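What the coordinates show
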Amino acid sequence: DVDQSEIALKIIGLGNVTPFTGNQLEKFNGLNADVAQKLSEFGKRSLVVDNLKSFRGLNSELALQIMTTADGRDPGRRSVVSNLESFEKLNIEVAERLIGSGRGFKDVVEHIKVFDVDHNDVAIAFLNGTSRPFEYVDLFGKLTGLSTEVALKCIAKADKRAVSRNLQSFEGLDREI
């Protein structure tokens, strides 16, 4: 089995990124974070952004770098969201940035397995940034280990349904809530 990341790193190591321009990068599969980092160092971050599906095991640092790509067309956040399966162990900072961008809570919850975060932190980040949690009431059911604090925040936001419809997601609720 050919290690495509190793081949890509050798090519890049020769100072040659031309083989990755155009649609050539999409011919590679399972490229690692080292390849993405090297391409970025050569000023080719846009190649990474446009071809995230060719990568695996990308980290939080790279996700944040991609999301802050400022080239006037905002490909970064959309590219990360569309390719969350290319990442692993994303941190709460990435989750918060995605959540703060509109539909991000749904995206984070639907790909929660690529995040290494406490589900309470994700729920609180969402609740702190929205005035309409009822639009996403069913997503709370995909989270686990939610605390009484999250339940109380939902109730305070006038959304008891997020709690009552997803009791299995909450821990330690007493009957008075």
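Here the residue numbering is sequential within each chain, running from 1 through the sequence in written order. Totals for whole chains, interfaces and linings use every residue, but because this is a predicted model, local features are given only for residues with pLDDT of at least 70 and side-chain atom pairs only at 80 or more, for both listing and counting. In computing side-chain properties, one takes all heavy atoms of the structure into account and sets aside hydrogens as well as water.

Describing the pattern of salt bridges
A pair is scored as a salt bridge if a Lys or Arg side-chain nitrogen falls within 4 Å of a carboxyl oxygen belonging to Asp or Glu. As enumerated under the stated definition, the model contains four salt bridges in all. Across the pair E110 and K106 runs a salt bridge whose closest N-O atoms are separated by 3.6 Å. Residue E110 and its partner K106 are both found in helix α7 (residues 104–110); the two are separated by four residues, about one turn of the helix. With a 1.4 Å probe rolled over the protein chains alone, any residue whose accessible area is under 20% of its type maximum counts as buried; one over 50% counts as exposed, and the rest are partly exposed. The class of E110 is partly exposed, set by a relative accessible area of 35%. Relative accessible area serves as the criterion here: at 26%, K106 is assigned to the partly exposed category. Labels follow the DSSP assignment, with helices taken as runs of H or I lasting at least four residues and strands as runs of E lasting at least two, numbered in each case from the N terminus.

Description of the packing of aromatic side chains
When we look at a pair of aromatic rings, we describe it by the centre distance and by the angle of the planes. Working definition: a ring pair exists when centres of Phe, Tyr or Trp rings (six-membered ring for Trp) sit within 6.5 Å. Plane angles under 30 degrees give stacked, over 60 give edge-to-face, the rest tilted. Counting across every chain of the model gives five aromatic pairs. Both rings, one in F105 and one in Y136, keep their centres 6.2 Å apart while their planes meet at 85°; by these two values the pair is edge-to-face. Of this pair, F105 sits in helix α7 while Y136 sits in the loop between α8 (119–129) and α9 (148–156), and the two are 31 residues apart along the sequence. Using a relative accessible area of 17% as the deciding quantity, one classes Y136 as buried.

Description of the environment of D3
Structurally, D3 is set in the segment before α1 (4–13). Sequence separation of D3 and N29 is 26 residues, and the distance between their C-alpha atoms is 9.4 Å.

Considerations on helix α4 (residues 60–67)
Burial analysis of α4 places seven of its eight residues in the buried class, the great majority of the element. Listing the buried residues of α4 in full gives S60, L62, A63, L64, Q65, I66 and M67. N or O atoms closer than or at 3.5 Å make up a polar contact, with two conditions inside protein: a donor-capable atom paired with an acceptor-capable one, and, for residues adjacent in sequence, both atoms drawn from side chains. Backbone nitrogen of E61 and a side-chain oxygen of the N-cap are separated by 3.3 Å at the start of α4; the cap is N59.

Focus on the packing of helix α6 (residues 92–99) against α8
Only C-alpha atoms enter the line fits that serve as axes; for helices the fit covers just the stretch in contact. Angles between N-to-C directions range over 0 to 180 degrees. The interhelical angle for the contact between α6 and α8, taken along N-to-C directions, is 30°, at an axis separation of 10 Å. As judged from the angle between their axes, α6 and α8 are roughly parallel. Where α6 crosses over α8, the handedness of that crossing is right-handed. Counting all contacts with α6, which are made through I92, A95, E96 and I99, the residues of α8 involved are D121, V122, A125 and F126. Taken together, the residues that form the contact of α6 with α8 break down as six nonpolar, no polar and two charged. Note on angle classes: values under 35 degrees are labelled roughly parallel, values over 145 roughly antiparallel, values of 65 to 115 roughly perpendicular, and the remainder oblique. In this scheme the crossing of two helices becomes right-handed for a clockwise turn of the near helix relative to the far one and left-handed for an anticlockwise turn of less than a right angle. Contact between two residues is taken to exist if any of their heavy atoms lie within 4.5 Å; hydrogens are not considered. Here the term charged refers only to Asp, Glu, Lys and Arg, the term nonpolar to Ala, Val, Leu, Ile, Met, Phe, Trp, Tyr, Cys and Pro, and the term polar to all other amino acids, Gly among them.

Some remarks on the nonpolar core
If you look at the biggest cluster of nonpolar residues, it comprises 55 residues, and the most contacted ones within it are F55, F105, F115, F140 and V150. Per element, the largest residue contribution to this core is six residues, and it comes from α8. Dropping the residues within four chain positions of it, F105 is found in contact with I99, V122, A123, F126, Y136, L139, F140 and L143. Remark: nonpolar core denotes a set of buried residues (Ala, Val, Leu, Ile, Met, Phe, Trp, Tyr, Cys) joined through side-chain atoms within 4.5 Å.

A look at the environment of F115
Here F115 lies in the loop between α7 and α8. On the accessibility criterion, F115 (8% relative accessible area) is buried. Note: C-alpha distance between F115 and S60 (55 residues apart in sequence) is 9.1 Å. If sequence neighbours within four positions are ignored, F115 has contacts with L84, L90, N91, V94, A95, L98 and V108.

Thoughts on the environment of L143
Assignment of secondary structure puts L143 in the loop between α8 and α9. Separated by 21 residues in the primary sequence, L143 and V122 place their C-alpha atoms 8.9 Å from one another. Sequence-distant contacts of L143, defined by excluding residues within four places in its chain, comprise F105, V109, I112, H119, A123 and S169.

Concerning α1
All buried positions along α1 are accounted for by S5, A8 and I12. Around the axis of α1, the buried residues are gathered within 65° of arc, so they sit on the same side. Those residues of α1 that are exposed and aimed more than 90 degrees away from the buried face are K10 and G13. Lining the buried residues of α1 we find α2 (33–41). The N-capping residue of α1, defined by a side-chain oxygen 3.0 Å from the backbone nitrogen of S5, is D3. Looking one or two residues beyond α1, the residue adopting positive phi is G15, at roughly 80°. The arc in question is the one traced by the directions running from the helix axis out to the C-beta atoms.

Note that every value here comes from positions in space, so none of it alone points to a role or purpose.
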